[in-house]
Amino acid sequence: MRQVAGARRGLDMWLVQRASAVYMAVFLIVFLALALTAGPLDYAAWRGLFAPLAMKVAGLIFVAALLAHAWIGLREIFIDYVHFLVARLALYLAFAALYLGCLIWAVDILWSVQ
Amino acid sequence: MNRLANRRRPFFLDLRAIRLPIGGVVSIMHRASGAALSLAVPCLLYTLMLSLRSEEDFAGVVAYFSSGLGWFIGLGLMWALLHHLLAGLRHLGFDFGYGEEKGQARRSAWITLVLAGGLVALIALAGLLGGGA
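Residues numbered from 1 in each chain as written. Chains lettered and ligands numbered in written order. Predicted model: local features only at pLDDT ≥ 70, side-chain atom pairs only at ≥ 80, totals over all residues.

**Concerning the overall build of chain B**
Quick note on the threshold: Strands are runs of DSSP state E lasting at least two residues, helices are runs of H or I lasting at least four, and both sets are numbered from the N terminus onward. Our radius of gyration looks at C-alpha atoms and nothing else; its globule reference is 2.2 Å times the residue count to the power 0.38. By definition, residue pairs are in contact when their C-beta atoms, positioned from the backbone, come within 7 Å.
Across its full length, chain B carries 5 helices and 0 strands. When the helices and strands of chain B are placed in sequence order, the string is α-α-α-α-α. For chain B, whose C-alpha radius of gyration is 20 Å, the value lies well above the compact-globule estimate of 14 Å for 133 residues. On the principal axes, the C-alpha backbone points of chain B span a range of 60 × 35 × 35 Å. Across chain B, every contact between residues at least 6 apart in sequence was considered, and the portion connecting residues at least 24 apart equals 72%.

Here's what the structure looks like:
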């Protein structure tokens, strides 16, 4: 794979994996704290959580971190178990396309809350 | 690296004969939970979309995760998230040089396994007592 991906990419991904993990952990704790202190979590309160612009932006960064983290993790699994190079690259591309779609979808979902 | 030398590496994968150490068990579960969560991402986004779209859909999502198959799926996802999160924190510790000694690493592996399972059991219990399921 070194010829295809470049030797330094592994270190970059190692860093992205850890940075995204830390962001997600912090976001989840803050989000959980906000949700638990918002009173009874009915539909209005649930939507209210996503109303502030700060939550939309922080939430979108969370989704982006999640998708990057998931893609890099899946890449590790494919490297271990999918040895036919064309199949492995096809899986990389398929999940990259799927997750890119998810990111755009997340923008739509988050900004649908007024 | 020489490709031929690479191909001659010994290969042993008799799952009945392999006894994984506890760190290996936590590691393979870290991978399995990560894979499950990665595949669940589109479903989770769909759930988020429904929960925010309308009052009826929000009630539908709550009802789905409150009973039957949905209750187990919710707990399964919760376990996958907690195990993956705790195992990840353990690895971040290793990255900074904490707990790398064998005894400490075995202990943190057990803590990861038991804490993730225990927290999910508590959540399940709280749900049952709170009128869920």
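**Points about the packing of helix H5 (residues 85-110) of chain A against helix H2 (residues 22-53) of chain B**
Formally: Note on geometry: axes are C-alpha line fits, over the in-contact stretch for helices, and angles between N-to-C directions span 0 to 180 degrees. Roughly parallel means an angle under 35 degrees; roughly antiparallel means over 145; roughly perpendicular covers 65 to 115; every other angle is labelled oblique. What makes a crossing left-handed is the near helix being turned counterclockwise from the far one by less than a right angle; a clockwise turn instead makes it right-handed. Residues are grouped as follows: Ala, Val, Leu, Ile, Met, Phe, Trp, Tyr, Cys and Pro are nonpolar; Asp, Glu, Lys and Arg are charged; every other residue, Gly included, is polar.
One can describe the packing of H5 of chain A onto H2 of chain B by two numbers: an axis separation of 11 Å at closest approach and a directional angle of 15 degrees. By the angle between their directions, the pair H5 of chain A and H2 of chain B is classed as roughly parallel. The chirality of how H5 of chain A crosses H2 of chain B is left-handed. Residues Leu98, Cys102, Trp105, Ala106 and Ile109 of chain A of H5 of chain A form the contact with H2 of chain B, whose own contacting residues are Val41, Pro42, Leu45, Leu48, Met49 and Leu52 of chain B. When the residues that make up the contact of H5 of chain A with H2 of chain B are grouped by side-chain class, the tally is 11 nonpolar, no polar and no charged.

**As for the packing of helix H4 (residues 68-95) of chain B against helix H5 (residues 102-129) of chain B**
All names here are of chain B. Close contact between H4 and H5 brings their axes to 9 Å; oriented N to C, the two are set at 150 degrees. Taken as axis vectors, H4 and H5 run roughly antiparallel relative to one another. Pair H4 / H5 crosses with right-handed handedness. Seen from H4, the contacting residues are Leu75, Met78, Trp79, Leu82, His83, Leu86, Ala87 and Arg90; seen from H5, they are Ser108, Thr112, Leu115, Ala116, Leu119, Val120, Ile123 and Ala124. When grouped by side-chain class, the residues that make up the contact of H4 with H5 number 12 nonpolar, 3 polar and 1 charged.

**Some details on helix H4 (residues 53-81) of chain A**
The condition that has to hold: The length a helix should cover is 1.5 Å for every residue beyond the first. Every C-beta atom is placed from the backbone, and the number of other C-beta atoms within 10 Å of a residue's own sets its class: buried at 20 or more, exposed at 12 or fewer, partly exposed in between.
The end-to-end C-alpha distance of H4 of chain A is 42 Å, a good match for the 42 Å that 29 residues give at a rise of 1.5 Å each. Along H4 of chain A, the residues classified as buried are Gly59, Phe62, Val63, Leu66, Leu67, His69, Ala70, Gly73, Leu74 and Arg75 of chain A.

**Looking at the interface of chain B and chain A**
In this assembly, 17 residues from chain B lie in contact with 19 residues from chain A. For the side of chain B that touches chain A, a count of residues per class yields 10 nonpolar, 4 polar and 3 charged.

**Regarding the confidence of the model for chain B**
All names here are of chain B. Defined as follows: Think of pLDDT as the predictor's per-residue confidence, scored from 0 to 100.
Looking at chain B, pLDDT values average 91 and 92% of them are 70 or higher. Of all helices and strands in chain B, the one with the weakest mean pLDDT is helix H1 (residues 3-7) (59), whereas H2 scores best (97). Among the prediction metrics, the complex's ipTM stands at 0.90, with pTM recorded as 0.89.

**Regarding the nonpolar core**
Selection rule: By definition, a nonpolar core groups buried Ala, Val, Leu, Ile, Met, Phe, Trp, Tyr and Cys residues that are joined through C-beta atoms within 7 Å.
Judged by nonpolar contacts, the single largest core of 13 residues is most densely connected at Val63, Leu66, Leu67, Ala70, Tyr99, Cys102 and Ala106 of chain A. In this structure, Trp79, Ala80, Leu86 and Ala87 of chain B belong to the second largest nonpolar core, which totals 7 residues.

**Here we look at H4 of chain B**
Counted at 1.5 Å a residue, the expected span for H4 of chain B with its 28 residues is 40 Å, and the 41 Å between its end C-alpha atoms agrees. Residues Trp79, Ala80, His83, His84, Leu86, Ala87, Gly88 and Arg90 of chain B constitute the buried set of H4 of chain B. Those residues of H4 of chain B that are buried are in contact with helix H2 (9-36) of chain A together with H2 and H5 of chain B. Among the residues trailing H4 of chain B, Gly97 of chain B stands out with phi positive, at a value near 90 degrees.

**A look at the confidence of the model for chain A**
Detail in the predicted coordinates should be disregarded across regions flagged by low pLDDT. Looking at chain A as a whole, the pLDDT averages 93, with 94% of positions reaching at least 70. For chain A, the element scoring lowest by mean pLDDT is helix H1 (residues 2-5) of chain A, at 54; H5 of chain A scores highest, at 98.

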